[in-house]
Amino acid sequence: MLGLLDLRERGERLEPSRFESDPSVIGTVREIIERVRTDGDDVLVELAQRFDGADLAGGLIVTADELDRAGSEIPGALRDALDSLILRLHDLHRRQLPAEWWDERDGVRFGEIVRPLVTVGCYVPGGRAVYPSSVCMTVVPAVVAGVERIVLCTPPRSDGSIAPAVLYAADRAGATLVVKCGGAQAIAAMAFGTASVPAVDRIVGPGNAFVTEAKRQVAGFVGIDGLAGPSELAIVADAGIDPALAALDLIAQAEHDPQARTFLVTTEAGVIEKVAAALDDAVLRAGRREIVDEALRHTRAVLVRDLAHAAEVIDDLAPEHLLLLVADPDAFLATVRNAGAVFLGPWSAVPFGDYGVASNHVLPTAGNARFGSGLRAADLVTVRSVVEMTPASAARLAPETSTIARSEGLVGHAAAMDARTTKDDA
């Protein structure tokens, strides 16, 4: 079941997956966006029927009554678990906000001020499963950042309702508006606004190829968190690995998506044999078998020369999730640059991060961990430079700054600065 890549002698570089849209997806999404911009809510209702088989005669917006009922429609244990998840995420994201600061140097007062975005759009998928955890992962950072309006879009069920667990999570996490809308049309609605859906400043949250392509097409009109590909996991393992645990970790990642990419990177051929045998056994008891079986076709075992070589392979892959099953995970961590979230040791199963144990699960994929980070509260604020100069500081700095401006041919810049040195009070 594990396809083998032996890099010990050949020394090839591994390429991360890249986000690439099928031309037919690009065209379909472009048409949907234009229709939503032109006809607004009517298109959202029409496409909910077409793509989700949903009757939205009751309206696009989740009512207060629907939100109130949600808690009584799910088990108490699930309510408690979601409440705990939300508290953990508040604790995590409070630590991420940038602080305002001020300083003064030679008559120049300067600093940075932090302001929350006014409106954020959260997208929560609903195709293969129900994801109240993704509600919490996208809404809570916005609440912590101080965002005024938080719009959540998620696909409706055939009867026009939203799963109660999703509604409970939305209400408890702090969404201010929940819209029964999924797919590219939801992204278009949040980017440009309709009669029911306000235009937002930034859109966050995972989605399928159509959602991701829609985010690509609206980027610039609105901020986005990134372009996501299939879910990813890389495990770095040494001879001390528990193969049964590694097999379960691979299956857990595989059940996300039939296109999920998983890697087992090791210096030991024997490790690959043990994990392969454990995987053959564990997959017999796996749920979502069609998805898991298809995803595991993409799993690769990568043989490397040593752990330094393993770190190079990981940096090339820049995986969404990195699980370190080695004797000294902290030492290996110090050698790695590119990963969305890192989990250290055999007890730190990646799914713990999926449910808010010290991590947000909205993470960079498709090699984006090389330059991007997981969703953070800091992504939902702006940081603005502020400068205040005295007459003396303007007179002192203008000669040198004007010299640079004139060297660039920007005479108007120089004149604006020089004028400050000719004022009587200067």
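A quick note: this is a predicted structure, and the numbers were derived from the prediction, not measured.

Regarding its fold elements, the protein chain presents 16 helices and 14 strands. In terms of its C-alpha atoms, the protein chain occupies a principal-axis envelope of roughly 85 × 60 × 45 Å. By residue count, 48% of the 426 residues in the protein chain fall in the buried class. Here the analysis covers contacts within the protein chain between residues at least 6 apart in sequence; of these, 74% occur between residues at least 24 apart. Taken together, the 40 basic and 60 acidic charged side chains of the protein chain have centroids lying 2 Å from each other.

Our focus in this paragraph is the packing of helix α9 (residues 243-254) against helix α10 (residues 269-282). Between α9 and α10, the least distance of the axes is 8 Å, while the angle of their chain directions is 60°. Judged by the angle between their axes, α9 and α10 are oblique. Crossing handedness for the pair α9 and α10: right-handed. For the pair α9 and α10, the contacting residues are Pro243, Ala244, Ala246, Ala247, Leu248, Leu250 and Ile251 in the first and Lys274, Val275, Ala278, Leu279 and Ala282 in the second.

This part takes up helix α2 (residues 41-52). With 12 residues, α2 ought to run about 16 Å at 1.5 Å a step, and its terminal C-alpha atoms sit 16 Å apart, in line with that. Buried-residue contacts for α2 involve α1 (23-39) and α7 (183-192). Note on α2: the residue one or two positions beyond its end, Gly53, has a positive phi of about 65°.

Reading the values: rules and limits
- Residues numbered from 1 in each chain as written.
- Predicted model: local features only at pLDDT ≥ 70, side-chain atom pairs only at ≥ 80, totals over all residues.
- Heavy atoms only, no water.
- Helix = DSSP H or I, 4+ residues; strand = E, 2+ residues; numbered from the N terminus.
- Buried < 20%, exposed > 50% of the residue type's maximum accessible area, 1.4 Å probe, protein only.
- Contact = heavy atoms within 4.5 Å.
- Lys, Arg positive; Asp, Glu negative; His and termini not counted.
- Charge placed at Lys NZ, Arg CZ, Asp CG, Glu CD.
- Axes fitted to C-alpha atoms, helices over the stretch in contact; angles between N-to-C directions.
- Parallel < 35°, antiparallel > 145°, perpendicular 65-115°, else oblique.
- Left-handed = near helix turned anticlockwise from the far one by under 90°.
- Expected span 1.5 Å × (residues − 1).

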